[in-house]
Protein chains: 2
Amino acid sequence: MQDYNFLSAELKRVLKEKKLKYTLQREVVLRALFSHTGHHSPEELLQLIREGYPEVNIGIATLYRTLALFEEAGLAESISFGKDGKRYEIGHKHHHDHLVCIECNKIIEFHDEVIERRQLEVVREFNFKMLNHTMNIIGICSECQKKSKEK
Amino acid sequence: MQDYNFLSAELKRVLKEKKLKYTLQREVVLRALFSHTGHHSPEELLQLIREGYPEVNIGIATLYRTLALFEEAGLAESISFGKDGKRYEIGHKHHHDHLVCIECNKIIEFHDEVIERRQLEVVREFNFKMLNHTMNIIGICSECQKKSKEK
DNA sequence: GTGCTTGCAAATGGTTTGCATAAGG
DNA sequence: CCTTATGCAAACCATTTGCAAGCAC
């Protein structure tokens, strides 16, 4: 998943499978997600694309449509908490959870096997078919804690 | 927390502490949350209040303001996933997580000590100050799985 | 009385949609 | 060609806000 070529091939595979078309816009959105790790809002991504690929014309509606498509295809993942809409990041092999700092809005990712395994057990117990899961821990990161002490 | 009187007293305590006023609207919102267990959207709650307490006049803006206040005070909790806004429920002693069925929109609550403890460890590891956390497992509940088999 | 509250309506802001045009297959 | 995509602007919808009037204290 480190390799952009792999992602691009994956995009083409998905599009073919769904009988959708390979377009410059879709390519560029994927490229933007790939080259800017982190969690971006659609607006931010639009900005990044317009800066990085000024020759490509893309509207916000197309971006939204593309992000929804990517998420469904597993090429991207979204996180949303409270208002302020969703943020997207490139799809990962491993599921991960988030620590969200309410002061600086930083998002720290973590992956914990104990939690993952336990989730599977819970799901089995309820005879529930898990399609996805999200875990967000809201709080204050260590840096912001320091900052507020300094005040 | 089973007792409404306790909740009502808690509301009054919170209001006094914050130098806010005790109003009929706030009382009625709490009452509605208490008497209708489950996860309700603000619109639904407004409906429930207008049906259950037709003598009380309340606007949607007040409801939103009240729900935000309650959440901050721990009297209510919210869950939000994807679009379709937040849903509120009365505050619980024990934190719990959710299994959300994408077919019938049912929300099943569960509490798992293994996961809770592990979260604390993760948080400590990152030197993160946890204020809240949410875990939602999205999928299809056992009943909806049966239904789709029948088709 | 003073200041918090409320209802109403208007504003907001993220996201979606309708539609005519453009372009992939 | 036929079908899916796109950009634009308008539409949506949950939520927030400004404000004058209404209450709690």
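Details of the structure are given in the entry above.
Below you will find a few notes about this structure. (Residues numbered from 1 in each chain as written. Chains lettered and ligands numbered in written order. Predicted model: local features only at pLDDT ≥ 70, side-chain atom pairs only at ≥ 80, totals over all residues. Heavy atoms only, no water.)

Each of the two chain copies can be generated from the other by rotation about an axis followed by a shift along it. When chain B is brought onto chain A, the operation consists of a screw motion whose angular component is 180° and whose axial shift is 0.1 Å, with 0.1 Å RMSD remaining. The operation mapping one copy onto its partner corresponds to a two-fold rotation axis. When each C-alpha of chain B is compared by its distance to the rotation axis, M135(B) comes out closest, at 2.1 Å. Counting the interface residues of chain B, we find that 100% of their copies in chain A are interface residues as well, pointing to one common contact surface. (Least-squares fit on C-alpha atoms with pLDDT ≥ 70 in both. Contact = heavy atoms within 4.5 Å.)

To continue, consider helix α5 (residues 113–125) of chain B. All names here are of chain B. For α5, spanning 13 residues, the distance from its first C-alpha to its last is 18 Å, which sits close to the expected 18 Å at 1.5 Å a residue. Among all positions of α5, only I115, E116, Q119, V122 and V123 are buried. Seen end-on, α5 carries its buried residues on one side only, within an arc spanning 120°. Turned more than 90 degrees away from the buried face of α5, the exposed residues are R124 and E125. (Helix = DSSP H or I, 4+ residues; strand = E, 2+ residues; numbered from the N terminus. Expected span 1.5 Å × (residues − 1). Buried < 20%, exposed > 50% of the residue type's maximum accessible area, 1.4 Å probe, protein only. Arc of directions from axis to C-beta.)

Before going further, it helps to examine the protein's contact with DNA strand D. Near DNA strand D lie 20 residues; those nearest to it are L20(A), K21(A), N57(A), T62(A) and Y64(B). The separation between a phosphate oxygen of DNA strand D and a polar side-chain atom of T23(A) is 2.8 Å. The contact in question runs from a phosphate oxygen of DNA strand D to an N or O atom on the backbone of Y22(B), over 3.2 Å. Mapped onto the surface near DNA strand D, the elements with two or more residues apiece are α2 (24–35) and α4 (60–73) of chain A together with α4 (60–73) of chain B. Of the residues assigned to the surface near DNA strand D, the class counts are seven nonpolar, six polar and seven charged. (Near = heavy atom within 4 Å. Polar contact = N/O pair within 3.5 Å; in protein donor to acceptor, adjacent residues only side chain to side chain. Nonpolar A, V, L, I, M, F, W, Y, C, P; charged D, E, K, R; others polar.)

The next thing to look at is the environment of S35(B). Residues and elements named next belong to chain B. By the secondary structure assignment, S35 is in helix α2 (residues 24–35). Taking relative accessible area as the criterion, S35 reaches 42% and is therefore assigned partly exposed. The sequence separation of S35 and I90 amounts to 55 residues, and the corresponding C-alpha distance is 9.2 Å. Side chain to side chain, S35 and H36 meet in a polar contact 3.4 Å long.

Further remarks concern α4(A). Residues and elements named next belong to chain A. If you check α4, its first and last C-alpha atoms are 20 Å apart, about what 14 residues at 1.5 Å a residue would give, namely 20 Å. Within α4, burial applies to L63, T66, L67, L69 and F70. Seen end-on, α4 carries its buried residues on one side only, within an arc spanning 165°. Facing away from the buried surface of α4 by more than 90 degrees, the exposed residues are R65 and E72. Close packing links the buried residues of α4 with α1 (4–17), α2, α3 (42–52), β1 (76–80) and β2 (86–90). Immediately beyond the C-terminal end of α4, within one or two residues, lies G74, with a positive phi of roughly 80°.

Facing 35 residues of chain B, the contacting portion of chain A comprises 35 residues. Taking both sides of the interface into account, the surface hidden between chain B and chain A amounts to around 3000 Å²; carbon and sulfur atoms contribute 69%. Contact with chain A buries area across many residues of chain B, yet R118(B), F126(B) and F128(B) alone supply 19% of it, more than any other trio. In this assembly, chain B and chain A are joined by two salt bridges. In this structure, D112(B) and R118(A) form a salt bridge, with 2.7 Å as the shortest nitrogen-oxygen distance. Taken together, the links from chain B to chain A amount to twelve residue pairs in polar contact (both at pLDDT 80 or more). At the level of elements, β3 (97–101), β4 (107–110), α5, β5 (129–140) and α6 (142–150) of chain B are the ones that each hand at least two residues to the side of chain B that touches chain A. Its residues assigned to classes, the side of chain B that touches chain A comprises 19 nonpolar, eleven polar and five charged. As paired elements, strand β5 (residues 129–140) of chain A and β5(B) share eleven bridges and run antiparallel to each other. (Buried area = accessible area lost by both parts, 1.4 Å probe. Salt bridge = Lys/Arg side-chain N within 4 Å of Asp/Glu carboxyl O. Pairing = 2+ DSSP bridges.)

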